[in-house]
Amino acid sequence: MNWMQRLAETYDNCQSSIGYSHQDDQRPLLPICHITSQAHIEIVIDGEGNFRRARLITEKDDATTIHPSTEESASRSGSKPANHPLCDKLQYVAGDFTDWGGVVTSGFKKDPQEPYRNFVDDLTKWSNSEFGHPKAKAVLQYVTKRRVMQDLIDQHILLVGNDGKLLSKDEVERDRNTKDIFSLVNSQDLAFVRWVVEGDETESRVWRDKTLWDSWINYYLSGRDDRALCYVTGDTRVVARSHPKYIRWEGDGAKLISANDTSGFTFRGRFTEDQQAASVGLDVSHKSHYALMWLISRQGYRQGELAVVAWATSGAPVPKPTDDPISLLMGDLPMEEPPPYTAQEIALQLKKRIAGYGKELGDTTEIVVMAMDSATPGRLAMTYYRELNSSDFLQRIDRWHESCAWLHRYRVVEVRSEQDGKTSRQVVPFVGAPAPHDIAEVAYGSRLDDKLRKATIERILPCIIDGQPLPRDLVESAVRRASNRAGLDDGEWCKVLSIACALFRKYNTKETYEMALDSTRTTRDYLYGRLLALADNLEEWALNEAGEKRQTNAARLMARFAERPYSTWRTIELALAPYKARLGKQKTWRREQMIDEVIALFDPADFTSDKRLSGEFLLGYHCQREYLRTSRADATSEADSSDEHSTNE
């Protein structure tokens with residue numbers, strides 16, 4: 001139960017955030033005994049329960065409504081769903097619902113007034129209790145007039161036909177872009193209503209009134225007498241009969257704690273009641289689940305049904321372990337200005353950012369990393385859980401980005417123009433560790449299914465947080481795909497190549513591999529990689545000069561080269577002859593000289609061996625390729641040098 005304790009602590013430390021979300025797409029931190037619903041109709045009444053006006057809530061960002069709930073209504077389902085105490089669908093709040101042809105849920109067909117009666121009964125008990133609230137009393141006064149439907153029809157919110165019955169969507173001639181009730185729901189029966197009670201108070205919206213939240217919480221908890229030992233706190237308190245769902249996203253039906261096996265295979269023969277296995281206080285359950293929902297929405301990572309979140313119990317921001325340096329430094333929103341960093345500067349800025357987190361968190365703040373995935377459609381499994389202090393957590397994040405670093409050129413950010421507001425995509429090279437989902441795509445292809453993608457991310461998470469070595473099969477798969485250049489387009493292959501280099505470097509931590517070209521390294525695989533890059537560059541140069549767009553022989557034969565380097569190198573070297581002739585001696589002498597220098601570094605026995613190459617040859621290839629890209633060995637300078645060389649001869 002440590003995870004619930006930590007989440008409840010986080011909830012208590014973030015009291016100021018209750019009821020609010022920092023961004024439109026984030027879920028708010030809910031008060032206990034409350035849930036959120038998407039409201040469709042807003043009815044404004046006065047403090048005496050008199051109708052004033054109503055409107056459709058057509059803005060999606062404005063529709064999220066925090067409202068009181070019971071345990072039964074929060075997880076309602078089936079043919080007779082329980083009502084919420086204050087805001088709900090029309091069949092509950094409108095006493096004249098069936099008068100206008102409204103159709104109740106199937107379980108209420110024998111008594112269509114039952115949902116309305118239940119709603120009024122619950123609201124009456126709350127309003128008449130010592131915790132009654134003026135807004136709840138005003139709503140009660142209004143709904144007992146039984147004219148909610150009439151008022152909404154008069155305001156042209158609900159649409160009725162000549163027979164005085166609610167129209168179906170098919171019976172209305174409407175433009176697709178019309179902002180009417182059918183733009184929000186397919187059936188008018190399903191419309192959800194929330195309230196605004198105008199009076200002397202500054203806050204008239206019931207979903208933003210903290211005094212109303214407290215009123216319901218106090219009333220609901222005071223009415224519960226099922227107290228028992230809470231396994232999380234060790235206290236005796238009101239225990240939860242059912243635990244919240246909607247954990248990973250709105251509409252998520254899977255629960256972390258659930259026990260409804262009361263017949264047949266009852267509790268697997270170990271218990272007679274669910275609370276014998278675990279009982280958790282109602283407030284503790286709500287605090288921990290609501291904090292988890294909020295954290296996943298605010299700073300979590302989601303991939304299908306997998307959710308990963310890291311948080312500080314103090315509520316301070318922490319870096320996401322699943323992010324690459326670009327996401328950590330720049331976020332995922334469009335930027336107002338082009339990225340200010342070079343590849344190397346991004347690595348330095350990342351170190352500074354992590355150090356900044358350290359100063360804000362201190363050394364002793366508790367950090368929790370948690371991953372959840374669906375066990376069955378209705379059950380959620382915790383697949384990873386770690387508690388660390390902040391210094392250990394940041395140190396491990398820093399170590400991951402340092403030990404798995406390589407130069408990458410596949411990340412694209414969106415930049416918004418200040419002049420016309422249009423966004424453009426811009427490639428940002430960076431030095432750092434790739435994100436786990438990119439590693440999964442590189443190892444198994446971009447078309448991998450969700451199960452394999454989730455499983456791969458779950459395998460990488462301990463490598464980041466616990467410092468475990470990378471799975472060998474993952475590294476070999478990435479190396480194998482990077483070697484098969486002919487099977488990939490250029491953009492995807494460049495991404496696969498740089499990530500495969502990063503993974504191989506991370507996997508072989510005993511060997512020190514530099515990200516720049518190491519001209520003193522004489523290992524066979526590294527030198528063969530350099531040779532392939534030089535041959536590829538020379539042929540590509542000749543093709544560009546001739547305006548030809550096709551793969552080089554080095555690119556086509558890369559997979560074969562990785563399997564039989566010596567015999568394949570002879571084929572590639574012989575195929576270079578016409579391209580050398582096409583470019584001329586003056587242009588190619590430097591490349592030929594570099595090839596000779598690399599061959600001279602080989603041990604003769606190593607050079608003539610046809611033994612399969614390891615992933616190290618990709619490092620030599622990539623480093624030589626980057627050297628040729630950025631060094632002064634460009635065509636112009638080479639031509640100048642060649643002239644000088646010829647003169648000396």
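The name given to the protein chain in an unreviewed UniProt entry is Type I-C CRISPR-associated protein Cas8c/Csd1, with Litorilinea aerophila as the source organism.

S.K.: Provide a residue-level description of the packing of helix 15 (residues 472-483) against helix 16 (residues 490-507), including the pertinent values.
M.R.: Closest axis-to-axis distance for the helix 15/helix 16 pair is 8 Å, and the angle between their directions is 145 degrees. For the pair helix 15 and helix 16, the sense of crossing is left-handed. Two secondary-structure elements touch here, helix 15 through R472, L474, V475, A478, V479, R481 and A482 and helix 16 through E492, W493, V496, L497, A500, L503, F504 and Y507. Of the residues that constitute the contact of helix 15 with helix 16, the class distribution is 12 nonpolar, no polar and 3 charged.

S.K.: Outline the pattern of salt bridges, supporting the account with residue identities and numerical values.
M.R.: All chains considered together, the criterion is met by 54 salt bridges. In this structure, the salt-bridge partner of R76 is D88, at a minimum N-O distance of 3.0 Å. With R76 in the loop between helix 3 (71-74) and strand 5 (88-89) and D88 in strand 5, this pair connects stretches of sequence that are 12 residues apart. Summarising the burial analysis for this pair, R76 and D88 share the class buried. Each of E42, R55, E59, D62 and R194 takes part in one network of salt bridges that share partners.

S.K.: Explain the pairing of strand 10 (residues 306-312) to me, and be specific about the residues and the numbers.
M.R.: Two faces make up the sheet, and in a regular strand the side chains alternate between them. Within strand 10, 7 of the 7 residues are buried, leaving the element largely enclosed by the surrounding structure. Covered by surrounding structure in strand 10 are L306, V308, A310 and A312 together with A307, V309 and W311, the residues of both alternating faces. The pairing of strand 9 (residues 301-303) with strand 10 spans 3 bridges and is classified as antiparallel. Bridging from a neighbouring strand, Y301 pairs with V308 of strand 10. Taken together, strand 9 and the strand that follows it, strand 10, pair antiparallel across an intervening segment of 2 residues, in which G304 is found at a positive phi of about 65 degrees. As judged from the 6 bridges shared by strand 10 and strand 11 (residues 366-376), these two strands associate in the antiparallel manner. Bridge pairing in strand 11 places A312 opposite I367.

S.K.: Can you break down the domain arrangement of the protein chain residue by residue, with the values?
M.R.: Taken domain by domain, the protein chain holds domain 1 (1-20 + 224-261 + 273-297), domain 2 (31-223) and domain 3 (515-648). Here domain 1 and domain 3 have C-alpha centroids that lie 62 Å from each other.

S.K.: Quick rundown of unusual backbone geometry? Include the residues and the values.
M.R.: Non-glycine residue R146 carries a positive phi angle of around 55 degrees. Structurally, R146 is set in the loop between helix 6 (134-143) and helix 7 (148-154). Overall, R146 belongs to the partly exposed group, its relative accessible area being 41%. Positive phi, normally seen in glycine, also occurs at Y246, with a value near 60 degrees. Considering the arrangement of structural elements, one finds Y246 in the loop between strand 8 (236-238) and helix 9 (282-299). Taking relative accessible area as the criterion, Y246 reaches 26% and is therefore assigned partly exposed.

S.K.: Please provide a residue-by-residue account of the sheet that holds strand 12 (residues 379-389), values included.
M.R.: Pairing between sheet strands relies on hydrogen bonds along the backbone, with the strands arranged either parallel or antiparallel. With respect to topology, 4 strands assemble into an open sheet ordered 9-10-11-12, the strand pairing being antiparallel. Two strands close off the open sheet at either side, each with one partner strand: strand 9 and strand 12. Each adjacent strand pair in this sheet contributes to an overall mean axis angle of 10 degrees, direction not counted. Inspection of the sheet shows strand 11 paired to strand 12 by 10 bridges, in the antiparallel sense. Counterpart to E366 in the pairing with strand 12 is N389. Strands strand 10, strand 11 and strand 12 of the sheet are contacted by helix 1 (residues 2-13), whose axis makes an angle of about 70 degrees with strand 12. Helix 9 rests against strand 9, strand 10 and strand 11 of the sheet, and its axis sits at about 95 degrees to strand 10.

S.K.: Give me the lowdown on the state of the cysteines, citing residues and values where you can.
M.R.: The tally for this structure, following the rule as stated, stands at 0 disulfides. A disulfide-free cysteine, C463 has its sulfur positioned 9.0 Å from the sulfur of C404, the nearest such atom. Classification of C463 by relative accessible area gives buried; the value is 3%.

S.K.: Break down the environment of D180 for me, citing the residues and quoting the values.
M.R.: In this fold, D180 is placed in the loop between helix 7 and strand 6 (192-198). Along the chain, D180 and L158 lie 22 residues apart, while their C-alpha atoms are 8.6 Å from each other. Here D180 is in contact with L56 and R174, once residues within four sequence places are set aside.

S.K.: Give me the lowdown on empty space enclosed by the protein, citing residues and values where you can.
M.R.: Across all of its chains, the model carries 1 cavity of 30 Å³ or more by this definition. Forming the boundary of the largest cavity are 18 residues, of which I35, K245, Y246, Y290 and M293 lie nearest the centre. Looking at the lining of the largest cavity, the elements with two or more residues in it are strand 1 (34-38), helix 3 and helix 9. If one sorts the elements of the lining of the largest cavity by residue count, helix 9 sits on top with 3 residues. Split by residue class, the lining of the largest cavity holds 8 nonpolar, 5 polar and 5 charged. Counting contributing residues per domain, the lining of the largest cavity is built from domain 1 (1-20 + 224-261 + 273-297) and domain 2 (31-223), each supplying no fewer than three.

S.K.: Report on the side chain of D323, specifying residues and quantitative values.
M.R.: Counting through the fold element by element, D323 comes out in the loop between strand 10 and helix 10 (325-330). No salt bridge is formed by the buried D323. Its closest oppositely charged neighbour is K320, at 4.6 Å. With residues up to four places along the chain from it excluded, the contact list for D323 reads L328, H401 and A435.

S.K.: Can you explain the side chain of D96? Please cite residues and give values.
M.R.: By the element assignment, D96 lies in the loop between helix 4 (90-93) and helix 5 (114-128). Summary of buried charges: D96 has no salt-bridge partner, and the nearest side chain of opposite charge, R147, is 7.0 Å away. For D96, the contacting residues outside a window of four places in its chain are R146, R147, V148, M149 and Q150.

S.K.: Please give an account of the layout of surface pockets that cites residues and values.
M.R.: Put simply, the largest pocket is a space of about 1500 Å³. Forming the walls of the largest pocket are 44 residues, and the residues nearest its centre are Q23, D25, Q26, S297 and R298. For the lining of the largest pocket, the secondary-structure elements that each account for two or more residues are helix 2 (60-63), strand 4 (64-68), helix 9, strand 9, helix 10 and helix 11 (343-361). Looking at the lining of the largest pocket residue by residue, the class counts come to 15 nonpolar, 13 polar and 16 charged. When residues of the lining of the largest pocket are sorted by domain, at least three fall in each of domain 1 (1-20 + 224-261 + 273-297) and domain 2 (31-223).

Criteria and cut-off values
- Residues numbered from 1 in each chain as written.
- Predicted model: local features only at pLDDT ≥ 70, side-chain atom pairs only at ≥ 80, totals over all residues.
- Heavy atoms only, no water.
- Axes fitted to C-alpha atoms, helices over the stretch in contact; angles between N-to-C directions.
- Helix = DSSP H or I, 4+ residues; strand = E, 2+ residues; numbered from the N terminus.
- Left-handed = near helix turned anticlockwise from the far one by under 90°.
- Contact = heavy atoms within 4.5 Å.
- Nonpolar A, V, L, I, M, F, W, Y, C, P; charged D, E, K, R; others polar.
- Salt bridge = Lys/Arg side-chain N within 4 Å of Asp/Glu carboxyl O.
- Buried < 20%, exposed > 50% of the residue type's maximum accessible area, 1.4 Å probe, protein only.
- Pairing = 2+ DSSP bridges.
- Domains from an automatic or database assignment.
- Disulfide = S-S within 2.5 Å.
- 1 Å grid on protein atoms, 1.4 Å probe; cavity = no way out; pocket = protein on both sides within 12 Å on 5 of 7 lines; lining within 4 Å.
- Points joined across faces, edges and corners; volume = space filled by probe spheres on them.
- Lys, Arg positive; Asp, Glu negative; His and termini not counted.

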